[in-house]
Amino acid sequence: MSFEAVIGLEIHAHLRTASKIFCGCSASFGAPPNTQVCPVCLGLPGALPVLNRAAVDAAVQAALALSCSVHETSVFARKNYFYPDLPKGYQISQYERPLATGGVVELGAGAAARRIGITRVHLEEDAGKSLHAGFADSDRKTYVDYNRSGVPLIEIVTEPDLRSPADAAELFARLRAILVWLGVNDGNMEEGSLRCDANVSVRPAGAPALGTKTEVKNLNSFRFLQKALEHEIARQIELVSAGRRVVQETRLFDAASGRTISMRSKEEAHDYRYFPEPDLPPLVVDAARLERIREAMPELPDARRARLAERYALSEHDAAQLTQSRAAADYFEEAIAAGAPAKLAGHWMMGELARALKEAGDDIAASRVGARALAELLALLDAGTISGSMAKTVFATMYASGRPAGEIVAAEGLAQIDDERQIVALVAEALALHADAVAQYRGGKAGAFGFLVGQVMKAARGKANPARVNALLRKALEPGP
Amino acid sequence: MTEDTIAGLAGAVRTGARTATEICQRALAQLDATEPSLHAFNTVAADRALARAAAIDRHPARWKQAPLAGVPIALKDNLCTRGLRTTASSRILDTFVPPYDATVVERLEAAGAVVVGKTNCDEFAMGSSNENSAYGPARNPWALDRTPGGSSGGSAAAGAAGIAPAARGSDTGGSIPQPAAICGVVGLKPTYGRVSRYGLIAFASSLDQIGPFTRTVRDAALVLSAIAGHDPMDATSEAEPVPPYADALTGDVRGARIGVPRGLVGAGVDREVAQAFDEALASLADRGARLVDVELPHAPYAIPVYYLVATAEASSNLARYDGVRYGMRTPPAAGAGPDLPAMYASTRAQGFGPEVKRRIMLGTYVLSAGYYDAYYLKAQQVRTLILRDYDRAFERVDAVAMPTTPTPAFRLGEHAADPLQMYLGDVFTVSANLAGLPALSVPCGFTAGGLPIGLQLIGRRHDESTLLRVADAYERGTAWWTHRPPIATR
């Protein structure tokens, strides 16, 4: 019997706001433990939450980018459970009335396109972080850092529309790309600013009913998500094939062994006792505010890809490559605005620039050769001032030194020799020096031509325009009239 | 001192006729003299108060406009005070010293008030008799074997005993009007959202509100003016402008329409209380108010609705007392295991008193999967009906009057075996909390045995002014407010 997997994801994404969701503490990552805390995010007696508007704006942007309907009124709710990193004993989240519902993300294109439904996007606060290791007494004690307590989060819940671990990983990557593109999330999974849980079940292929699902928690990379799902699906298929039952439970992925392990069963599951948060009035995002947020949003990846492909006559592949990030697309369009030919700019971004960035470990937004600087180089190349190979040398110098292309070309005398009289003189010189090669060529040995081109280029220290050298050399070698 | 009012004291300090220090010393002396029998305070802040009074006296010019200049004030022990122990009368917070001030504390001190101490109350404000305090009950200044009411019993007792002319209470289900009535002082619970709750240790967030205990209605207006108004730290505090409450005190109630829910105040009300209530109504009518019968058909459901909503919210609000970050932490009992749940269980078992545990359990049950709709949701629906009853009544009247409590102060221990009986004593007060309406209790007589009785007025949202106007006019025509318990004149 063949089986089909049914997968849905829950993504938690930190919102890149200056302050936390319900207080004025900094939401930045990496400060010494418990230095970014106040009565509110420590859950001290009497402290009350006040909603950060910037977090709402960011969440609304994300919801719009996922084609969700943003509800004019949404309601915060308390999710009650005990854990030391949860200072109030409840998490302020949204439950029955989330910020947004009913979105969609499309994977693939054409006949292979898969539409993945987005069930909901809601706002909530993050908890603190329990530190179980790294202290001298970690065998006996757990420390808690509350810097993360109250950092704004959105939870994105997908429909169970995914059918393979690879699609799940691709969707997670797509969601990450969209959030980072919007600038609402930094995409940093190692720091926990983007986290993923997966719900998965299996059923005989084509069966209408869903199997019993498990939830696999804390999948903090695309690869882990895929591996965890592969393992979990195999485990469930094995159980079902052996006539046993899948137990509804929460499981943890153990990256070291590549396996999922049981964390708690349904019977042990929390009853979160959700109820509307009485300390916060309902969140109202009226039409005017929604419009303001929509207008402030950058052009979204799909739209920009289509526009670049059309406007600059790029291939599907190139357009996709150049819109992998908003910074890349911005770079591309800035280079064009500065005069670079579109095809050449795209070619160089995917070639030399990508290589240099990768070697230096730089992000394109922090490229040591900016879009305008690249445009200057490409203009020199396009005008024939320098050759293609020379341009690569100049680019390397630019990346290493930060100097502009024109300055390097001038200072190092790298401008291409394009002048016919100069090249004719160089050709004549080479013919005189290598009469034997000339004789060989004339005697029918075609290979001698390449040797003579090489000699001319050598004499020109590589700067002669190769096409002209070719043409003028051929002309000089022709039998006289 | 005992005849002093806020208006009189602050005026004397502003003009330099008296010093804040001398007033503070007399308040502390009265506190010392009465505390052994009243037990109204959990923490006395004598040094802090004297330092504060001295600071006011050093710079009299700064306090020329201060409405509460040099006025001693007692704060209910569930209001956070920076550097001053705040326990909510719970063992679990026995050692808790807040690093911040509640907004009302900031506002009172900015207005010139001098905090003399933190008053006893029911644990986490859960109770109607002060007997649920981890430190033992405060006592009624009029009869030391009786309750001062609750949960703000210590504040009402301190006010009645002439220790502080202003005491601050909080009110979740009648915790201001009820103790005010049975201690013979004025108590005002403002509209929900009128006064910031930031720094008030939460019991039931959608019901909690802070308000003053004072000797006179005018003093209540003065204090309310100092603490009311929007607070950016409390998302439920309202932006509604604060009117000049003292301007409402015209002494004129002619034409005021006072609703009387006869159906509600019939059965179950003590004969002397009923008589005092009728006399108070007659007095208002004599002064030109019009009495109008009104119906509050859903008011009898207020008690069950209250105990569903309040306990649900409390079960969540009190989850933070887990022994992890502050307050009490008790190691697990031997054999209970070294794990976290055992520490939670042990800390909360020893840290909370029986009434708090009862309410946490009730509230947890009410919110549980499968019961939420039947209890919490249903209660919220009935709550809406109670509010609509009032809305309908306020189409025809300007305020609704009823006795504040069905009986005068009961004896300590009288309801110990039957918490339900005690819950029923809140029948007239909890509906104002459920509906978020302002309520004021003003003294309206004494029983033959010398126990105070209160008249309660409930008003429209944000219409504290009408309550103050009617109560002030009533107070001017009576002398009840001048009666002092023997302990106050000692």
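Residues numbered from 1 in each chain as written. Chains lettered and ligands numbered in written order. Predicted model: local features only at pLDDT ≥ 70, side-chain atom pairs only at ≥ 80, totals over all residues. Heavy atoms only, no water.

> Lay out the nonpolar core in plain terms, naming residues and giving numbers.
Residues Leu9, Leu123 and Ile154 of chain A together with Phe124 and Tyr390 of chain B are the most contacted members of the largest nonpolar core, which totals 223 residues. Contacts of phenylalanine 124 of chain B, omitting those with residues within four sequence positions, involve Ala88, Ser90, Ile92, Leu93, Ile201, Phe203, Leu318, Tyr321, Phe352 and Val356 of chain B. (Core = buried A, V, L, I, M, F, W, Y, C linked by side-chain atoms within 4.5 Å. Buried < 20%, exposed > 50% of the residue type's maximum accessible area, 1.4 Å probe, protein only. Contact = heavy atoms within 4.5 Å.)

> Can you lay out the interface of chain A and chain B for me, pointing to particular residues and giving the numbers?
The partner chain B presents 39 residues to the 31 residues of chain A that form the contact. In total, chain A and chain B occlude about 2,700 Å² of area from one another, counting both sides; carbon and sulfur atoms represent 60% of this. Of all residues in chain A, Pro45, Phe82 and Arg273 of chain A give up the largest surface area on contact with chain B, accounting jointly for 24% of the area buried on that side. Where aspartate 279 of chain A meets arginine 197 of chain B, a salt bridge forms, and the shortest distance between an N and an O atom there is 3.0 Å. Between the two partners, chain A and chain B, sit 15 residue pairs in polar contact (both at pLDDT 80 or more). At the level of secondary structure, the elements contributing two or more residues to the side of chain A that touches chain B comprise β4 (76–80) and β15 (275–276) of chain A. (Buried area = accessible area lost by both parts, 1.4 Å probe. Salt bridge = Lys/Arg side-chain N within 4 Å of Asp/Glu carboxyl O. Polar contact = N/O pair within 3.5 Å; in protein donor to acceptor, adjacent residues only side chain to side chain. Helix = DSSP H or I, 4+ residues; strand = E, 2+ residues; numbered from the N terminus.)

> So, the domain arrangement of chain A: which residues are in play, and what are the values?
When the parts of a complex come together, some accessible area is lost, and that lost area is often used as the size of the interface. Residues and elements named next belong to chain A. Here the domain parsing of chain A yields domain 1 (3–289), domain 2 (299–411) and domain 3 (420–477). Domain 1 and domain 2 are separated by 37 Å when their C-alpha centres are compared. Across the contact, six residues belong to domain 1 and nine residues belong to domain 2. Counting the surface lost from both domain 1 and domain 2, the interface buries some 610 Å², and carbon and sulfur atoms represent 67% of this. Area buried by domain 1 at its contact with domain 2 is led by Ala65, Arg174 and Trp181, which between them contribute 79% of it. Inspection of the region where domain 1 meets domain 2 yields one salt bridge. (Domains from an automatic or database assignment.)

> Lay out the pairing of strand β8 (residues 290–293) of chain B with the relevant residues and their values.
Residue and element names in this part refer to chain B. For strand β7 (residues 257–260) and β8, the ladder comprises four bridges, and the chain directions are parallel. Paired with isoleucine 258 across the strands is leucine 291, a residue of β8. For the crossover from β7 across helix α8 (residues 271–286) to β8, the handedness is right-handed. (Pairing = 2+ DSSP bridges. Right-handed = clockwise from strand over helix to strand, strands pointing away.)

> Pulling in residues and values, what's your account of the layout of surface pockets?
All names here are of chain A. Of the voids in this model, the second largest pocket is the one considered here, and its volume is about 1,100 Å³. Of all the elements in the fold, those that place two or more residues in the lining of the second largest pocket are α2 (165–182), α5 (301–311), α6 (316–322), α7 (326–337) and α8 (342–360). Here the residues of the lining of the second largest pocket sort into 19 nonpolar, five polar and eleven charged. When residues are assigned to domains, the lining of the second largest pocket turns out to be shared by domain 1 (3–289) and domain 2 (299–411), each giving three or more. (1 Å grid on protein atoms, 1.4 Å probe; cavity = no way out; pocket = protein on both sides within 12 Å on 5 of 7 lines; lining within 4 Å. Points joined across faces, edges and corners; volume = space filled by probe spheres on them. Nonpolar A, V, L, I, M, F, W, Y, C, P; charged D, E, K, R; others polar.)

> Give me unusual backbone geometry: which residues, what numbers.
Note: most residues except glycine have negative phi, and most peptide bonds are trans. Residues and elements named next belong to chain B. Geometrically, the link from glycine 150 to serine 151 is a cis peptide bond, its omega value of 5° lying close to zero. With respect to the helices and strands, serine 151 occurs in the loop between β3 (114–119) and α5 (153–160). A positive phi angle, near 55°, is found at serine 89, a position not held by glycine. By the secondary structure assignment, serine 89 is in the loop between β2 (72–76) and α4 (103–110). Residue classification places serine 89 among the buried residues on the basis of a relative accessible area of 0%. Even without glycine at this site, asparagine 130 takes up a positive phi of about 70°. Positionally, asparagine 130 belongs in the loop between β3 and α5.

> Lay out the sheet that holds β7 of chain B in plain terms, naming residues and giving numbers.
Residues and elements named next belong to chain B. If you walk across this open sheet you meet the eleven strands as β1-β3-β2-β4-β6-β5-β10-β11-β9-β7-β8, and the pairing is mixed. The open sheet terminates on both sides in strands that have one partner only, identified here as β1 (41–44) and β8. On average, each strand axis in the sheet is tilted by 30° relative to the strand beside it, whichever way the strands run. Of the strand pairs in this sheet, β2 and strand β4 (residues 166–171) are connected by three bridges, and their pairing is parallel. Paired with leucine 75 across the strands is arginine 168, a residue of β4. Seen against the sheet, α8 touches β7, β8, β9 (399–403), β10 (439–446) and β11 (452–459) and runs at an angle of roughly 55° to β11. (Axes fitted to C-alpha atoms, helices over the stretch in contact; angles between N-to-C directions.)

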